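Chain and residue survey
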Amino acid sequence: MSAQLEISNLHKRFGGLVAVKSVSFDLKPGEVVGLLGPNGSGKTTVMNMISGALPCDGGSVRVGGKDVTALKPHKVSKHGVARTFQLVRPLPTLTVGENVLLSVAYSRKPKWGRAAQAIVDEKLEFVGLAGRGDEKVTNLNYIDQKRMEMARALAAEPEILLLDEWLAGLNPSELRIGIDLVQHLQGQGMTILLVEHIMEAVRALCSRCIVMSAGEKIAEGPSAEVLQDPVVIKAYLGDDHA
Amino acid sequence: MSQSHVAQTAPNRAPLYFGMMAVLIIAVGFLQSWNSALFILNMGLISAIMALGVNLQWGFAGLFNVGVMGFVALGGLAVVLISTSPVGEAWQAGGLRVLFGLAIGVATIVGGIVFWAMLRGNKYRALFIAAWLIAGFFIFRAVFDPAVAAIEAVNPAISGNLGGLGLPVLIAWPVGGLFAAGAAWLVAKTALGLRSDYLAIATLGIAEIIIAVLKNEDWLGRGVKNVIGLPRPVPYEIDLQQSEWFIGLMQSIGANPVTASSIFVKLCYAGLFFAVIIILITAMQLALNSPWGRMMRAIRDNEVSSEAMGKNVTGRHLQIFVLGAAICGLAGAMMTTLDGQLTPSSYQPLRFTFLVWVMVIVGGSGNNWGAVLGGLFIWFLWVEVEPIGRFIAEVITSGMADTSALKAVILERTVYVRPLTMGLVLLFVLRFNPRGLLPER
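What you see is a predicted model; the values in this text were computed from it and never measured.

**A look at the packing of aromatic side chains**
All names here are of chain B.
- Following the criterion strictly, the structure yields 20 aromatic pairs over all chains and no others.
- With 6.2 Å between their ring centres and 80 degrees between their planes, F71 and F321 make a pair best called edge-to-face. With F71 in helix 3 (residues 68-83) and F321 in helix 14 (residues 313-339), this residue pair connects regions lying 250 residues apart in the sequence. Taken individually, F71 and F321 each receive the classification buried, so the pair is uniform in this respect.
- Sitting above the plane of the W116 ring, R125 keeps its charged end 3.7 Å from the centroid.
- Against the face of F432 rests R431, its NZ or CZ located 4.8 Å from the ring centre.

Here's what the structure looks like:
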């Protein structure tokens, strides 16, 4: 079976700053992989290039064997890629349900009317927002907005889910709920790439990790090994701890 | 919590405000004349349609179009090109040559685009394209200029243009929409990819270009010599005054046939305008509440997350920009039909862009009923504050001596009441009702 997501030699420059420098990695179908690294190491930039939100300066992104490197975000999403955002991006003038419904109508597998509503209800229930579809999205608290964003990403029925610090800013009990949700998705066979700082979550969720520092991939391998790697510890904590 | 409070009160306010608007217009009927009242109503309805067009672009999609005037003027041009009768002599003098000249112009531009793509990587590309465009321009002018001169020499005092197709004037209304849509498509293709403030500058410029073309291309719509006596979709007053049934009808209700004929004509227009506005607002309300409208609001709220959900932001922007401009063009054609003349020099940005924007903002952007209310209300003020201001000034100064300098100053200043009122209304609405009289939700 070929890779679900295949990234090779990805490059990105912002003016003189090289934000991402020849990063390559693959995700197999059904794999949950963590993309780690200190702040500013280019993780979100990689996410943005996969989803098409930023154009690449070099390299290629292939989804399910198809080249999506030069495609705009709306086309990439039609190849089965859905994402959440580091800072939640709800649509304030729509209700919670409408926010999720939006992923269903005019999408890769469009559904309308009752069929669409059924998906919305199902996804809201899955993330723990059952029966709250008519609320204003701005009245939700932070964890619930994050849940809504997850429901919105899932409603598109993607094959690859990109979670950009989806677990950040949650308190310990909320974190537990969040990890359980992702584990559920893992059980359903979804391919997930998650950018995360919370090691507890990474250990619980990711079989494999990729670590970036200053735009370069510095380590890749099974989570337990990678997190012990002196190069990784040095990147996070400095020379003294390595 | 304050937002949910607004949402609860909003549905009750619309009938109240529209009722007050009706009372204002009826009051004009009683206090001034029914002719004035119907004049305000008719232009108010047309303004409301323009406001609906801008509301579609700004309220639904967040596109900042400050070229409303240009699209309105193109609608006006459509009335001339559709409804006036063709000038046979002018067509013989140079009609086909003008069309041929324009075809050369278009071919030059299209050819430039095609060659630009074909010669990718060729180091002489820029040089060749420049030579192509310059040569094309001179050939275009060589064919176009004598043809224009020949057409404009035909009876310059009464025609000097090619005339139109001689079709019923109502056909010009949708055609006006198409003209504006075509221009909007060109603008959108070049400027929509740019950020919103650049779109604003582009539309501002395009509107001025359209007006400049209308003023200077005499062969097209007689330029500043104006086209007057455009055909009407409703009866003429003079015919009514001479027709048996009308005189009989007016005598039976005891009305003066001369005044009544003018009121009757205005009522006919009002009926047509109401029909258009009802169709438009029904279509727009259905669109706003459909999945398509939800998608548009989503794109306006957050382009990045809408794109990530598979929404083609640029494509939808193009679509809605063209639709909104088409509505402005339709309104422009209706206005020129109501006026019965096309006067390019009367198109001022203050009146046709700024005022329409005030209508949308005061009415409540994102709410179609708000746009209609804003159109009627702001147009009412635009017409009425000047006579009211003069009346007040006269009352204040009635006790003063005719030689009093203060009296002269006060009376002189009454002409500024109109822009002053517009500014004050905008300020007060933005202060106390920042989301307009009828907010989106």
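**Quick word on the domain arrangement of chain B**
Residue and element names in this part refer to chain B.
- Under the domain assignment used here, chain B contains domain 1 (3-86 + 163-432) and domain 2 (87-162).
- Both faces considered, domain 1 and domain 2 share a buried interface measuring about 920 Å² in area, 51% of it formed by carbon and sulfur atoms.
- Considering only the surface of domain 1 that becomes buried against domain 2, G163, W219 and R222 emerge as the three largest contributors, covering 65% of it.
- Across the domain 1-domain 2 interface, the total number found is zero salt bridges.
- Remark: the boundary between domain 1 and domain 2 carries nine residue pairs in polar contact (both at pLDDT 80 or more).
- Among the residues making up the side of domain 1 that touches domain 2, the classes are represented as three nonpolar, four polar and four charged.

**Remarks on the environment of B:L45**
Residue and element names in this part refer to chain B.
- Mapped onto the elements of the fold, L45 is located in helix 2 (residues 34-61).
- Classification of L45 by relative accessible area gives buried; the value is 2%.
- Through-space distance from the C-alpha of L45 to that of N65 is 21 Å; in sequence the pair is 20 residues apart.

**Side note on the pattern of salt bridges**
- This structure, assessed with the given rule, holds 19 salt bridges over all chains.
- Between B:D301 and B:R300 there is a salt bridge, and its shortest N-O distance comes to 3.7 Å.
- Linked through salt bridges whose partners overlap, the residues forming this network are A:E31, A:R208, A:K217 and A:E220.

**So, the environment of B:G340**
All names here are of chain B.
- Along the chain, G340 falls in the loop between helix 14 and helix 15 (349-363).
- In the structure, G340 is positioned 261 residues away from V79 in sequence and 9.4 Å away in space, judged by C-alpha atoms.
- Aside from chain neighbours lying at most four places away, what touches G340 is V227, I228, G229 and L230.

**Re the domain arrangement of chain A**
All names here are of chain A.
- Entries for chain A in the domain assignment read domain 1 (1-80 + 159-242) and domain 2 (90-157).
- Put simply, the middle of domain 1 and the middle of domain 2, counted by C-alpha atoms, are 25 Å apart.
- On the side of domain 2, 14 residues touch domain 1, which itself brings 21 residues to the contact.
- Between domain 1 and domain 2 lies a buried interface of about 1300 Å² when both sides are counted; carbon and sulfur atoms form 69% of it.
- Three residues, K78, W166 and L181, lead the burial of domain 1 against domain 2; their summed loss comes to 40% of the area buried on that side.

**As for the sheet that holds strand 4 (residues 58-63) of chain A**
Residues and elements named next belong to chain A.
- Strand order in this open sheet of four strands is 2-1-4-5, and the pairing throughout is antiparallel. The open sheet has two edge strands with one neighbour each: strand 2 (17-27) and strand 5 (66-67).
- Where helix 1 (residues 43-51) meets the sheet, it contacts strand 1 (5-14), strand 2 and strand 4, and its direction lies at approximately 115 degrees from that of strand 1.

**As for the packing of helix 11 (residues 257-288) of chain B against helix 14 of chain B**
All names here are of chain B.
- Contact geometry of helix 11 with helix 14 gives a least axis separation of 12 Å together with a crossing angle of 175 degrees. Classified by the interaxial angle, the pair formed by helix 11 and helix 14 is roughly antiparallel. Contacts from Y269, F273, V276, L280 and M284 in helix 11 reach I327, L330, M334, T337 and L338 in helix 14.
- Counted by class, the contact of helix 11 with helix 14 contains nine nonpolar, one polar and no charged residues.

**With respect to the sheet that holds strand 9 (residues 208-213) of chain A**
All names here are of chain A.
- Strand order in this open sheet of six strands is 6-7-8-3-9-10, and the pairing throughout is mixed. If you trace the sheet from one side to the other, it starts and ends with strand 6 (81-83) and strand 10 (216-222), each paired once. For this sheet the average axis-to-axis angle between neighbouring strands, irrespective of direction, equals 20 degrees.
- Bridge count between strand 6 and strand 7 (residues 160-164): three bridges; the pairing is parallel. The partner of V81 across the bridge, within strand 7, is I160.
- Against the sheet, helix 1 touches strand 3 (32-36), strand 6, strand 7, strand 8 (191-195) and strand 9, its axis set at about 150 degrees to strand 7.

Here is what the cut-offs are and how they apply
- Residues numbered from 1 in each chain as written.
- Chains lettered and ligands numbered in written order.
- Predicted model: local features only at pLDDT ≥ 70, side-chain atom pairs only at ≥ 80, totals over all residues.
- Heavy atoms only, no water.
- Phe/Tyr/Trp six-rings, centres within 6.5 Å; stacked < 30°, edge-to-face > 60°.
- Helix = DSSP H or I, 4+ residues; strand = E, 2+ residues; numbered from the N terminus.
- Buried < 20%, exposed > 50% of the residue type's maximum accessible area, 1.4 Å probe, protein only.
- Lys NZ or Arg CZ within 6 Å of the ring centre and 35° of its normal.
- Domains from an automatic or database assignment.
- Buried area = accessible area lost by both parts, 1.4 Å probe.
- Salt bridge = Lys/Arg side-chain N within 4 Å of Asp/Glu carboxyl O.
- Polar contact = N/O pair within 3.5 Å; in protein donor to acceptor, adjacent residues only side chain to side chain.
- Nonpolar A, V, L, I, M, F, W, Y, C, P; charged D, E, K, R; others polar.
- Contact = heavy atoms within 4.5 Å.
- Pairing = 2+ DSSP bridges.
- Axes fitted to C-alpha atoms, helices over the stretch in contact; angles between N-to-C directions.
- Parallel < 35°, antiparallel > 145°, perpendicular 65-115°, else oblique.

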